[in-house]
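# Examining the three-dimensional arrangement
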Amino acid sequence: MASLALLRRKLISSRRLSPSHVRARAFSEGKSNKKRIEKILVANRGEIACRITRTARRLGIQTVAVYSDADRDSLHVASADEAMRIGPPPPRLSYLNGASIVDAAIRSGAQAIHPGYGFLSESADFAQLCEDGGLTFIGPPASAIRDMGDKSASKRIMGAAGVPLVPGYHGDDQDIERMKLEADKIGYPILIKPTHGGGGKGMRIVHTPDEFVESFLAAQREAAASFGVNTILLEKYITRPRHIEVQIFGDKHGNVLHLYERDCSVQRRHQKIIEEAPAPNISTDFRAHLGQAAVSAAKAVNYYNAGTVEFIVDTVSDEFYFMEMNTRLQVEHPVTEMIVGQDLVEWQILVANGEALPLSQSQVPVSGHAFEARIYAENVQKGFLPATGVLHHYHVPVSSAVRVETGVKEGDTVSMHYDPMIAKLVVWGENRAAALVKLKDSLSKFQVAGLPTNVNFLLKLANHGAFANGNVETHFIDNYKEDLFVDANNSVSVKEAYEAARLNASLVAACLIEKEHFILARNPPGGSSLLPIWYSSPPFRVHHQAKRKMELEWDNEYGSGSSKIMKLTITYQPDGRYLIETEENGSPVLEVKATYVKDHYFRIEAGGVINDINVAVFSKDQIRHIHIWQGSYHHYFREKLGLDLSEDEESQYKPKVETSSNPRGTVVAPMAGLVVKVLLENKTRVEEGQPVLVLEAMKMEHVVKAPSSGYVHGLQVTVGEQVSDGSVLFSVKDQ
């Protein structure tokens, strides 16, 4: 177990690793006439590009990054030995431009291309293009990508190999009437999914025949935008499923093995947000059968390199069915690395060099438990819609059992062009309970300011009793939504949320004033030693106590969506403490002692409790944006600075529900995005809930619907137009 722990520490380390760590196991001594890879072009961006570069550097292999104009100053570019521009920001003109990437690899002198995940990683044509250009594609053969990339073909192959299949239609006839007929044969509910790609993009659950046509056409559009192929398959939708997948690996000598399974059941918008390995609450026999089925699937297509076989498990019958095979390294591969103590990117390079797998099936170790939580820039209360913005503050937890895979740094912008994932938080523990403790602790210490994230929501998930017991399925969030989302109509919950915010507003006030006093006492304005009363030490005179007033606007992201002004009066005491009052009847006076430690760190004593808190502040357009992290609580406040803002400026920083002065029936953009379809014209009669237009951001479609029955007015946007979050799209009037 000591060597396994050493390898795990190697994987957690985010920077330089010594050569002594490179070989903790015996590799194949097989030789090949082919020259070993010495330089790799990473055909991707973000955290996975940084991840691949890190392993390559440890192995002494040079790396070449590629970048679009939007990524010129990104972390993955800075991490590589060299970088080459491949085009403008839209993926189809850059990261999906295979010819440009291959040309960059040849010009750079790279011998191999690693595709990462997403983009061109599952493109058989790209794999073939690499081989045709004399480059090694670090992945499976093009034939396997082609067979498994077409989900319809893969179902037929798996069926012939004896792997269990979900009832469905995987045919070539995509006529909508034929598809409707097949859906009727299968029986509703139906799952519509693209035959190519992954990540939940293009997937739709259809409960009735009336919903089929709209859902089918939307799935086709989203599939075409994400993967360049719009063919669709249909499957019976299992109502209580688990999503369990198996990591497999093969080499070019015919060896195939599995590295155990991962449970990826906790999802939103059909995308995984928490993964874990091994899967909880399954028997040893079930695990063995699942692993063997995955190996059989890989052998059926002569597979080599990294791959993942995904299964859907019916929790009612305990039967599992083949879902699809991802012919690439998965986003969630780190949880497997953490329990087996192996570097899967290193394995990929070994296989690409023609070496045999370093272990046999019986030699694959397994130790402990690991979780991965995906940190996204998104509006949880808006249905997890992707968000954009600047990372004004970005602090991640660091420890011996915590690994953070990220492709951004403080000051970077999360744009609408790419996936909104900020980071992957990966933790390991001796068992599931120990790993869960570390996950919750790490989430509470994961700090992002400048844009909305799902961190608070992930923390609620991790704290849920059903999750703690391992009772997970793909409907987990829907099943427990009353626990995971604060109901604005629940007076008890709303009061608790307000009391927590009021306490943190008081602590924020004390911290800001204490830091201000700390700085100005050491650097007085104009260098004068004659400070005004507030900045004397202490700011106190006989028969006079210094007071200040402060107004903080609370952004209640888990309440009704409206903001609330908290008016505070702060009185400085002779002993250096602060008395803080809120202008509300019956609100208690809070005595706070604040000590500024450094940077964003403060030591607070309030109500007989002493603890450490973090406060991040940034200013923009005469608004001070304030974030406070205290234990498991994170609150966001705003404070006006100096001159009053115009209505246009001020509304940028307030929730749309409260600040919008638009007339009733006005519809605003729920996110920044691209208009991909306008379904109606002005003055068209609509019914409540009728689709009017379709927005796309980060490859996800969002249908904007009429809020009420009436007539459409002011519909000015056109297909191809970019709209900002909160901009007016149209209105619905009675006539």
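Structure report, in brief. Here, residues in each chain are numbered from 1, in the same order as that chain's written sequence. Given that this is a predicted model, residues contribute local features only at a pLDDT of at least 70 and side-chain atom pairs are listed and counted only at 80 or more, while totals for whole chains, interfaces and linings are drawn from all residues. To get the side-chain values, all heavy atoms of the structure are used, and hydrogens and water are removed first.

## Things to note about the overall build of the chain
To qualify as a helix, a DSSP run of H or I must reach at least 4 residues; to qualify as a strand, a run of E must reach at least 2; elements of each kind are numbered from the N terminus. Per the secondary structure count, the chain includes 20 helices and 41 strands. For the chain, with 735 residues in total, the buried portion stands at 55%. Once local pairs closer than 6 in sequence are excluded, the contacts in the chain between residues at least 24 apart make up 63%. Taken as a whole, the chain presents about 31000 Å² of accessible surface, with 49% of it coming from carbon and sulfur. Each residue is assigned to one of three classes by its accessible area relative to the maximum for its type, calculated with a 1.4 Å probe on protein chains only: buried under 20%, partly exposed between the two thresholds, exposed over 50%. We call two residues in contact whenever any of their non-hydrogen atoms come within 4.5 Å of each other. Computed with the Shrake-Rupley method and a 1.4 Å probe, the accessible areas treat only the protein chains shown as cover for residues.

## Examining the sheet that holds strand S8 (residues 204-206)
Reading across from one edge, S6-S9-S7-S8 is the order of the 4 strands in this open sheet, with antiparallel pairing throughout. On the outer flanks of this sheet lie strand S6 (168-169) and S8, each paired with one strand and no other. Paired strands, as defined in this entry, are two strands with at least two bridges between them according to DSSP. Note: S6 against strand S9 (residues 232-236), 2 bridges, orientation antiparallel. Paired with glycine 168 across the bridge in S9 is glutamate 235. Axis lines are fitted to C-alpha atoms, over the contacting stretch for helices. Their N-to-C directions set the angle, which ranges from 0 to 180 degrees. This element, helix H8 (residues 176-186), spans S6, strand S7 (190-194) and S9 of the sheet and lies at about 15° to S9.

## What about the sheet that holds strand S38 (residues 700-705)?
The 4 strands are arranged S38-S37-S35-S40 in an open sheet whose pairing can be described as antiparallel. Lying at the two open borders of the sheet, with one neighbouring strand each, are S38 and strand S40 (722-723). Across 4 bridges, the pairing between strand S35 (residues 673-678) and strand S37 (residues 691-697) is antiparallel. When the bridges of S37 are listed, valine 678 appears paired with leucine 693. Against the sheet, helix H9 (residues 212-227) engages S35, S37 and S38, with an angle of about 140° to S38.

## Notes on the environment of arginine 107
Its place among the elements puts arginine 107 in helix H4 (residues 98-108). In this structure, the C-alpha to C-alpha distance between arginine 107 and methionine 84, residues 23 residues apart in sequence, is 9.5 Å. Whenever a nitrogen or oxygen atom comes within 3.5 Å of another N or O atom, the pair is scored as a polar contact, on the condition that within protein one atom can donate a hydrogen and the other can accept it, and that pairs from neighbouring residues in sequence are kept only if both atoms are in side chains. Among the polar contacts made by the side chain of arginine 107, one reaches the side chain of aspartate 103 at a distance of 2.9 Å.

## Focus: the nonpolar core
Of all hydrophobic cores here, the largest spans 76 residues; its most connected members are Phe249, Ile422, Leu439, Leu443, Phe446, Phe457 and Leu461. Residues in contact with leucine 461, not counting those within four places in the same chain, are Val266, Ile273, Ile274, Phe467, Phe476, Ile477 and Leu484. Within the second largest apolar cluster, 32 residues are counted, among which are Ile513, Ile580, Val592 and Ile628. By nonpolar core we mean a set of buried residues, namely Ala, Val, Leu, Ile, Met, Phe, Trp, Tyr and Cys, connected to one another through side-chain atoms within 4.5 Å.

## Focus: the pairing of strand S11 (residues 256-268)
Of all 13 residues that make up S11, 13 are buried, and the element is covered over most of its length. Relative to S11, strand S10 (residues 241-250) is paired through 6 bridges, and the arrangement is antiparallel. Counted as the bridge partner of phenylalanine 249 is leucine 257 from S11. What sits between the antiparallel neighbours S10 and S11 is a turn of 5 residues, in which glycine 254 has the positive phi angle 90°. When S11 meets strand S12 (residues 271-277), the two strands line up antiparallel, connected through 4 bridges. Residue arginine 268 lies in a different strand from S12, and its bridge partner there is glutamine 271. Hairpin connection between S11 and S12: a loop of 2 residues separates the two successive antiparallel strands, and arginine 269 in this loop has a positive phi of roughly 50°.

## Focus: the side chain of serine 731
By secondary structure assignment, the location of serine 731 is in strand S41 (residues 728-733). Classification of serine 731 as buried rests on a relative accessible area of 13%. Excluding residues within four positions of it along the chain, serine 731 makes contact with Gly665, Thr666, Val667, Tyr711, Val712 and His713.

## Re unusual backbone geometry
Note the cis peptide between tyrosine 188 and proline 189, where omega equals 5°. One can find proline 189 in the loop between H8 and S7. Put simply, alanine 277 and proline 278 share a cis peptide bond, and its omega is -10°. With respect to the element layout, proline 278 can be found in the loop between S12 and helix H10 (284-300). With phi around 65°, phenylalanine 384 is a residue other than glycine that occupies positive phi space. When you line up the elements, phenylalanine 384 lands in the loop between strand S16 (378-379) and strand S17 (385-386). In the Ramachandran plot, lysine 683 falls in the positive-phi region, its phi being about 70° despite a non-glycine side chain. Turning to its location among the elements, lysine 683 is positioned in the loop between S35 and strand S36 (685-686). For lysine 683, a relative accessible area of 65% puts it in the exposed group.

## Observations regarding helix H12 (residues 344-352)
Among the 9 residues in H12, 9 count as buried, and that is most of the element. Within H12, the full set of buried residues consists of Leu344, Val345, Glu346, Trp347, Gln348, Ile349, Leu350, Val351 and Ala352. The opening residue of H12, the one whose side-chain oxygen lies 3.0 Å from the backbone nitrogen of valine 345, is aspartate 343. Downstream of H12 by one or two residues, glycine 354 has phi in the positive range, about 90°.

## Some details on the packing of H8 against H9
Closest axis-to-axis distance for the H8/H9 pair is 11 Å, and the angle between their directions is 120°. Comparing the axis directions of H8 and H9 gives the class oblique. Judged by the sense of rotation from one axis to the other, the crossing of H8 with H9 is right-handed. Where H8 abuts H9, its residues Ile176, Met179, Lys180 and Ala183 lie against Phe212, Val213, Phe216 and Leu217. Each residue gets one label: Ala, Val, Leu, Ile, Met, Phe, Trp, Tyr, Cys and Pro are nonpolar, Asp, Glu, Lys and Arg are charged, and the others, such as Gly, are polar. Of the residues assigned to the contact of H8 with H9, the class counts are 7 nonpolar, no polar and 1 charged. Roughly parallel means an angle under 35 degrees; roughly antiparallel means over 145; roughly perpendicular covers 65 to 115; every other angle is labelled oblique. Each crossing gets its handedness from the near helix: less than a right angle anticlockwise from the far helix is left-handed, clockwise is right-handed.

## Some details on the pairing of S9
Within S9, 4 of the 5 residues are buried, leaving the element largely enclosed by the surrounding structure. Where S7 lies against S9, 5 bridges are found, and the strand directions are antiparallel. When the sheet's bridge partners are listed, lysine 193 is paired in S9 with leucine 233.

## Description of the packing of aromatic side chains
Working definition: a ring pair exists when centres of Phe, Tyr or Trp rings (six-membered ring for Trp) sit within 6.5 Å. Plane angles under 30 degrees give stacked, over 60 give edge-to-face, the rest tilted. Taken as a whole and assessed by the stated rule, the structure comprises 18 aromatic pairs. Aromatic pair tyrosine 95 and phenylalanine 119: ring centres 5.2 Å apart, planes at 25°, arrangement stacked. In this pair, tyrosine 95 is assigned in the loop between strand S3 (82-87) and H4 and phenylalanine 119 in the loop between strand S4 (112-114) and helix H5 (124-132), connecting sequence segments 24 residues apart. For tyrosine 95, a relative accessible area of 0% translates into the label buried. Between the aromatic rings of phenylalanine 384 and phenylalanine 457, the centroid separation amounts to 5.1 Å while the plane-to-plane angle is 70°, which identifies the pairing as edge-to-face. Residue phenylalanine 384 is found in the loop between S16 and S17, and its partner phenylalanine 457 is found in helix H14 (residues 455-463); the two are separated by 73 residues along the sequence. Each member of the pair, phenylalanine 384 as well as phenylalanine 457, carries the same accessibility label: buried. In this structure an aromatic cluster arises from ring pairing among Phe371, Phe467, Phe476 and Tyr480.

## Quick notes on the packing of H4 against H5
In contact at an axis separation of 10 Å, H4 and H5 are set at 30° when each is read in the N-to-C sense. One element, H4, and the other, H5, form an angle in the roughly parallel class. As for how H4 packs across H5, the hand of that crossing is right-handed. The residues of H5 that touch H4, namely those facing Gly98, Ala99, Ile101 and Val102, are Phe126, Leu129 and Cys130.

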